[in-house]
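Here's the letter readout for the chains.
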Amino acid sequence: MKNSKWLLACGLIASMSLASCGGGSKPEVEKTAEPVVEQTVPRDTFPDDLWMQENKQKEGVVESNGIQYKILKEGTGAKPNKRKRVKINFEVRLTNGKLVESHMGKDVMELLVGNVIPGLQNALTQMPEGSLWEIYIPWDLAYGEEGSKNIPPHSALIFKVKMIEVVKLK
């Protein structure tokens, strides 16, 4: 009787351990999700962020609404809001001086202020008609982490903009 109880107990223990192990396979170890550690790069480590920090120390450079600008010629006309259309001449360069696009002195561009990149919106809404400004836009108010056709990711931009006219609604 003692032997049969002992065999029954061993059988029960063996069957319980087999059942918990999936019938003889290796026991499954509960996998817990590894904590997601977000890899954030400090903002001031991008070369163009460092360029912007140095640029704001230069004489005549004003910082406002996340952008920097230098007034080359002060205009006296109307200032647009984001719902207005403007006629402008402009050129865009990277901080290394590479020309990305130019409409300066040739094509007059007419555009809706609210449809341009955020940094340029900030500048245009502060520019009176007749102004000529050099505008320095950080990458996060330009084309961001993705970049654009001729603009690498994390690129600050240098615009030279002539505000020709705030278009009057008819």
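Data block above holds the structure.
Residues numbered from 1 in each chain as written. Predicted model: local features only at pLDDT ≥ 70, side-chain atom pairs only at ≥ 80, totals over all residues. Heavy atoms only, no water.

Trainee: Whenever I open this one, the overall build of the protein chain confuses me. Can you help?
Mentor: A count of helices and strands for the protein chain gives three helices and seven strands. Secondary structure elements of the protein chain, listed N to C terminal, follow the sequence α-α-β-β-β-β-β-α-β-β. In the protein chain, the share of contacts with a sequence separation of at least 24, taken over all contacts with a separation of at least 6, comes to 67%. Looking at the protein chain as shown, the accessible area adds up to about 11500 Å², and 54% of this sits on carbon and sulfur atoms. (Helix = DSSP H or I, 4+ residues; strand = E, 2+ residues; numbered from the N terminus. Contact = heavy atoms within 4.5 Å. Areas by Shrake-Rupley, 256 points an atom, 1.4 Å probe, with all protein chains shown as cover.)

Trainee: Could you clarify how one ought to interpret the nonpolar core in this entry?
Mentor: What tends to happen in soluble globular proteins is that the nonpolar side chains get buried as a cluster. L120, L124, I135, I137, F159 and V161 are the most contacted members of the largest nonpolar core, which totals 27 residues. For this core, the elements supplying multiple residues, two or more each, are strand 2 (67-73), strand 3 (85-94), helix 3 (118-124), strand 6 (132-137) and strand 7 (157-166). Setting aside chain neighbours within four positions, we find L120 in contact with I135, I137, F159 and V161. By size, the runner-up hydrophobic cluster in this structure holds six residues, among which are M52, V61, A156 and I158. (Core = buried A, V, L, I, M, F, W, Y, C linked by side-chain atoms within 4.5 Å. Buried < 20%, exposed > 50% of the residue type's maximum accessible area, 1.4 Å probe, protein only.)

Trainee: Sorry, what's going on with unusual backbone geometry here?
Mentor: One can expect most non-glycine residues to show negative phi and most peptide bonds to be in trans. The phi dihedral of N65 is positive, around 55°, even though this residue is not glycine. With respect to the element layout, N65 can be found in the loop between strand 1 (61-64) and strand 2. Of note, H154 is a non-glycine position whose phi angle comes to about 60°, a positive value. In this structure, H154 sits in the loop between strand 6 and strand 7. Judged by its relative accessible area of 22%, H154 falls in the partly exposed class.

Trainee: It is not clear to me how the packing of aromatic side chains should be interpreted in this structure. Could you clarify?
Mentor: The description of an aromatic ring pair uses the distance of the two centres, along with the angle that the planes make with each other. Overall, the coordinates contain three aromatic pairs when judged by the stated rule. Ring centres of W51 and Y136 lie 5.9 Å apart, and the angle between their planes is 55°; on these two criteria the pair is classed as tilted. A residue pair is termed long-range when its members are at least 10 positions apart, and W51 in helix 2 (residues 47-55) and Y136 in strand 6 qualify at 85 residues. Measuring from centroid to centroid gives 6.2 Å for F90 and F159, while their planes differ by 40°, and the two rings are tilted. Of this pair, F90 sits in strand 3 while F159 is found in strand 7, placing the two residues 69 residues apart along the sequence. Of the two residues, F90 and F159, both sit in the buried class. (Phe/Tyr/Trp six-rings, centres within 6.5 Å; stacked < 30°, edge-to-face > 60°.)

Trainee: Would you mind going over the pattern of salt bridges with me for this structure?
Mentor: Two side chains with opposite charge may pair up if their charged atoms get near one another. Under the criterion given, the structure shown has four salt bridges. Between E110 and R85 there is a salt bridge, with its nearest N and O atoms 3.1 Å apart. Placement of the pair is E110 in strand 5 (residues 109-112) and R85 in strand 3, with a sequence separation of 25 residues. The partly exposed category is assigned to R85, whose relative accessible area is 36%. (Salt bridge = Lys/Arg side-chain N within 4 Å of Asp/Glu carboxyl O.)

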